[in-house]
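Here are the chains, one letter per residue:
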Protein chains: 2
Amino acid sequence: MATQVRNEQVILKNYYKGGFTNESGMEVKESTISLKVAEGSGAVLVKNLYLSCDPYMRLRMHPLGEPPFFPPYPLSSVITGYGVSRVVDSDKPQFNKGDLVWGLTRWEEYSILKDPEVQTLFKIEHTDVPLSYYIGILGMSGLTAYAGFYEVCSPKKGEYVFVSGASGSVGEIVGQFAKLMGCYVIGSAGSKEKVELLKNKLGFDEAFNYKEEHDLDSALKRYFPEGIDIYFDNVGGKMLDAVLLNMRVYGRISLCGMISQYNLEQHEGLRNLFSLIVKRIRMKGFVVFDYLPQYSKFLDVVLPQIREDKIKYVEDRVEGLENGPAALVGIYSGRNIGKQVVNTCPITPKMRH
Amino acid sequence: MATQVRNEQVILKNYYKGGFTNESGMEVKESTISLKVAEGSGAVLVKNLYLSCDPYMRLRMHPLGEPPFFPPYPLSSVITGYGVSRVVDSDKPQFNKGDLVWGLTRWEEYSILKDPEVQTLFKIEHTDVPLSYYIGILGMSGLTAYAGFYEVCSPKKGEYVFVSGASGSVGEIVGQFAKLMGCYVIGSAGSKEKVELLKNKLGFDEAFNYKEEHDLDSALKRYFPEGIDIYFDNVGGKMLDAVLLNMRVYGRISLCGMISQYNLEQHEGLRNLFSLIVKRIRMKGFVVFDYLPQYSKFLDVVLPQIREDKIKYVEDRVEGLENGPAALVGIYSGRNIGKQVVNTCPITPKMRH
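Quick caveat, the model's predicted, so the values are computed rather than measured.

1. Some details on the pattern of salt bridges
All names here are of chain A.
Okay, step 1: Taken as a whole, this structure holds 40 salt bridges over all chains when the rule is applied.
Okay, step 2: Here arginine 6 and glutamate 30 are joined by a salt bridge, their closest N and O atoms 3.6 Å apart. On the criterion of sequence distance, the pair formed by arginine 6 in strand β1 (residues 4-12) and glutamate 30 in strand β2 (residues 26-34) is long-range, its members being 24 residues apart.
Okay, step 3: The exposed category is assigned to glutamate 30, whose relative accessible area is 54%.
Okay, step 4: Salt-bridge contacts for aspartate 309 lead to lysine 312; the nearest nitrogen and oxygen are separated by 3.1 Å.
Okay, step 5: Its relative accessible area of 47% is what places aspartate 309 among the partly exposed residues.

In structure tokens form, the structure reads like this:
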């Protein structure tokens with residue numbers, strides 16, 4: 001008989017229709033789990049080490065989700081998300097006990113992953129960088145920044161680049177990619193501390209606190225007197241509308257996310273789309289899943305840049321799964337600085353990186 | 001001493017800030033002109049035969065214009081526009097008396113064109129088709145449809161195509177290009193008569209009157225149960241917003257114009273841009289001027305299609321320059337069926353085509 005151990009889990013109790021300002025729709029519950037997978041099940045049992053707080057998760061907490069790629073989470077079930085995990089037991093030949101992996105897992109201490117979840121697992125080969133990076137700069141956030149900037153924006157040296165949500169998990173990386181390419185880069189964020197971080201640590205040429213600007217159009221005209229060639233949009237809404245007035249001819253807009261809108265009953269109306277015509281602008285939405293086939297190429301590019309300290313990476317960690325729901329809610333009010341990560345086993349020092 | 005002749009002209013008296021519902025801001029005035037160009041002036045004197053009524057002209061009748069490409073017309077001056085003309089006298093070696101040309105001219109009977117206007121003139125080589133076609137299907141309207149469909153939309157056989165403003169000068173051609181490519185094509189227009197035209201004469205698979213639809217989203221779901229791959233947008237506003245909810249994954253939207261918005265003090269707000277992300281849609285604005293270098297290639301493709309009757313072309317002509325202002329105003333309320341053209345010398349039967 002296999003050992004039964006405690007398995008703390010985050011369950012979705014209720015959908016969030018309006019605001020997502022507190023964790024009341026989620027519940028942290030104790031369960032138990034056997035640390036063995038059944039033979040012939042094809043499953044992999046993992047211990048989750050780090051969990052990722054990603055904006056899209058809020059979309060899945062709405063009863064309708066956001067079809068077709070973000071269906072609603074089932075109620076009364078453990079929510080899913082990206083994580084870094086260690087294999088505890090495996091009935092799949094390609095995974096062995098002790099392997100470190102990252103991919104789609106569940107918000108609980110231990111998860112039994114079955115097809116198709118197992119298909120999304122990547123084995124972690126390089127452990128000389130912090131393991132949590134694999135749900136950030138070396139995982140979906142990094143690949144999002146990489147695809148959304150290089151593939152969607154077609155950047156050229158010397159161009160004027162604006163990144164909103166610039167101190168978030170994707171924005172902080174996009175800004176640094178743009179600097180490495182020789183662009184002039186300005187970021188917006190929601191606090192003085194974040195603005196300082198962008199300018200002093202992450203190498204942005206300039207940064208501003210959008211909450212201190214009454215008129216975003218004027219602010220952008222002040223920061224970009226020549227206009228914007230590339231806008232990497234993480235926020236949507238009013239900021240996107242103001243940017244449309246400040247784009248340069250043949251500009252490109254990469255729509256990565258609209259975090260300012262997800263908590264609204266109705267999205268804000270954008271009135272400046274005519275600019276897309278007179279400025280001949282290409283605006284494109286993208287979803288990182290489409291770029292997974294490029295992951296190993298991406299890793300070959302970014303891993304050395306991290307090792308050589310050419311790219312910095314800022315994380316905001318909370319300790320303990322029980323603090324995960326509040327951390328997830330916090331990213332919608334901008335509580336986090338850098339990528340929000342949940343360290344699910346802070347009590348095991350040897351697992352920390 | 002050269003002959004002085006009457007020269008009727010359309011002058012912009014006042015800018016239109018709000019609505020553009022009547023011709024009161026324009027004035028038809030008589031002037032005189034000498035039918036000789038001064039030696040050494042480098043000018044070309046033309047008799048204007050057909051003038052084109054194009055949506056962008058309204059933008060130039062606003063005191064701010066629409067920078068950077070549509071500056072306001074100067075007040076108290078003759079308005080400019082595309083036309084088909086015959087050369088009466090020339091101080092440019094590349095143009096001779098009697099040549100037929102099309103390009104940017106002025107709303108008057110005779111125009112003296114100097115650099116840079118002369119640079120925009122194309123000599124008309126093929127006169128076996130109606131001359132007025134050179135301000136329509138064989139001019140900017142055709143090139144707009146060609147570039148906006150083939151270059152901006154990257155169409156593929158079998159795709160679902162939606163064209164708004166489908167009985168307008170560009171829309172009627174886009175729909176037929178799409179049919180020739182093997183797409184399934186539906187157009188929207190503003191009257192029963194236009195809808196019949198689209199279905200019975202222009203070969204659209206289906207068409208509907210948007211004015212009879214209370215809920216554009218439902219209408220689109222009814223007409224496109226599988227969704228829309230390509231949207232060619234001539235109208236903007238509510239229609240564009242409804243289309244965003246009905247696009248298919250990897251869809252493309254070509255923004256050609258937003259005629260529904262030009263008369264509004266403030267453009268309508270679009271709330272469905274998040275669809276661009278989840279559906280990975282590329283939306284691109286374009287201006288036909290960028291594609292002028294492709295004009296002769298375009299002509300090689302389209303001229304045979306017209307001769308072989310593979311493409312039909314519907315014009316709405318008014319006779320006489322004095323009726324030009326009302327015709328121009330009419331395109332904003334959808335008075336015209338097909339391309340609105342002004343025949344400026346209807347009294348000379350041999351000039352008629």
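2. So, the interface of chain A and chain B
Okay, step 1: Counting from both sides, the interface comprises 36 residues of chain A and, opposite them, 36 residues of chain B.
Okay, step 2: Summing both partners gives a buried area of about 3100 Å² for chain A against chain B, and 66% of it is carried by carbon and sulfur.
Okay, step 3: Three residues, Arg271(A), Phe274(A) and Arg280(A), lead the burial of chain A against chain B; their summed loss comes to 24% of the area buried on that side.
Okay, step 4: Taken together, chain A and chain B are joined by two salt bridges.
Okay, step 5: Close ionic contact of Arg280(A) with Asp290(B) constitutes a salt bridge, the shortest N to O distance being 2.7 Å.
Okay, step 6: At the boundary of chain A and chain B, one finds ten residue pairs in polar contact (both at pLDDT 80 or more).
Okay, step 7: Residue assignment for the side of chain A that touches chain B shows that the elements contributing at least two residues are β12 (247-255), α7 (274-278) and β13 (282-285) of chain A.
Okay, step 8: When the residues that make up the side of chain A that touches chain B are grouped by side-chain class, the tally is 23 nonpolar, five polar and eight charged.
Okay, step 9: Direction of pairing for β13(A) relative to strand β13 (residues 282-285) of chain B: antiparallel, over a ladder of three bridges. Across the sheet, the residue bridging to Lys284(A) is Arg282(B), located in β13(B).

3. Quick look at unusual backbone geometry
Okay, step 1: A cis geometry characterises the amide bond from Asp115(A) onward to Pro116(A), with omega recorded as 5°.
Okay, step 2: Considering the arrangement of structural elements, one finds Pro116(A) in the loop between β6 (110-113) and β7 (122-123).
Okay, step 3: Of note, Asp309(A) is a non-glycine position whose phi angle comes to about 60°, a positive value.
Okay, step 4: One can find Asp309(A) in the loop between α8 (295-307) and β14 (315-319).
Okay, step 5: Phi angles above zero are rare outside glycine, and Ser154(B) is one such case at about 45°.
Okay, step 6: Turning to its location among the elements, Ser154(B) is positioned in the loop between α2 (140-153) and β8 (160-163).
Okay, step 7: Taking relative accessible area as the criterion, Ser154(B) reaches 32% and is therefore assigned partly exposed.

4. Digging into the packing of aromatic side chains
Okay, step 1: On inspection of all chains with the given rule, the structure shows 46 aromatic pairs over all chains.
Okay, step 2: With a centroid separation of 5.9 Å and an interplanar angle of 70°, the aromatic rings of Tyr160(A) and Tyr184(A) are classed as edge-to-face. Remark: Tyr184(A) occurs in strand β9 (residues 184-189) and Tyr160(A) occurs in strand β8 (residues 160-163); sequence separation between them is 24 residues.
Okay, step 3: Residue Tyr160(A) is classed as partly exposed on the basis of its relative accessible area, which comes to 24%.
Okay, step 4: Judged by relative accessible area, Tyr184(A) falls into the partly exposed class, the value being 32%.
Okay, step 5: Centroid distance Tyr146(B) to Phe177(B): 6.3 Å. Interplanar angle 75°. Geometry classified as edge-to-face.

5. Considerations on the environment of Asn336(B)
All names here are of chain B.
Okay, step 1: Along the chain, asparagine 336 turns up in the loop between α9 (324-330) and β15 (339-343).
Okay, step 2: Under the relative-accessibility criterion, asparagine 336 is labelled buried at 10%.
Okay, step 3: Setting aside residues no more than four positions away along its own chain, asparagine 336 makes contact with Lys194, Asp316, Gly330 and Ile331.
Okay, step 4: There is a polar contact of 2.8 Å between the side chain of asparagine 336 and the backbone oxygen of glycine 338.

6. Describing helix α6 (residues 237-244) of chain B
Okay, step 1: In terms of burial, α6(B) is a largely internal element, seven of the eight residues being buried.
Okay, step 2: Here α6(B) has its buried residues at Gly237(B), Met239(B), Leu240(B), Asp241(B), Ala242(B), Val243(B) and Leu244(B).

7. Observations regarding the UniProt feature "domain: Oxidoreductase N-terminal" (unreviewed entry) in chain A
Okay, step 1: The UniProt record annotates "domain: Oxidoreductase N-terminal" (unreviewed entry) at residues 10-119 of chain A.
Okay, step 2: Its end C-alpha atoms 23 Å apart, residues 10-119 of chain A is made of 4% helix and 39% strand.

Conventions and cut-offs
- Residues numbered from 1 in each chain as written.
- Chains lettered and ligands numbered in written order.
- Predicted model: local features only at pLDDT ≥ 70, side-chain atom pairs only at ≥ 80, totals over all residues.
- Heavy atoms only, no water.
- Salt bridge = Lys/Arg side-chain N within 4 Å of Asp/Glu carboxyl O.
- Helix = DSSP H or I, 4+ residues; strand = E, 2+ residues; numbered from the N terminus.
- Buried < 20%, exposed > 50% of the residue type's maximum accessible area, 1.4 Å probe, protein only.
- Contact = heavy atoms within 4.5 Å.
- Buried area = accessible area lost by both parts, 1.4 Å probe.
- Polar contact = N/O pair within 3.5 Å; in protein donor to acceptor, adjacent residues only side chain to side chain.
- Nonpolar A, V, L, I, M, F, W, Y, C, P; charged D, E, K, R; others polar.
- Pairing = 2+ DSSP bridges.
- Phe/Tyr/Trp six-rings, centres within 6.5 Å; stacked < 30°, edge-to-face > 60°.
- UniProt positions renumbered as here; feature names shortened; annotations may be inferred.

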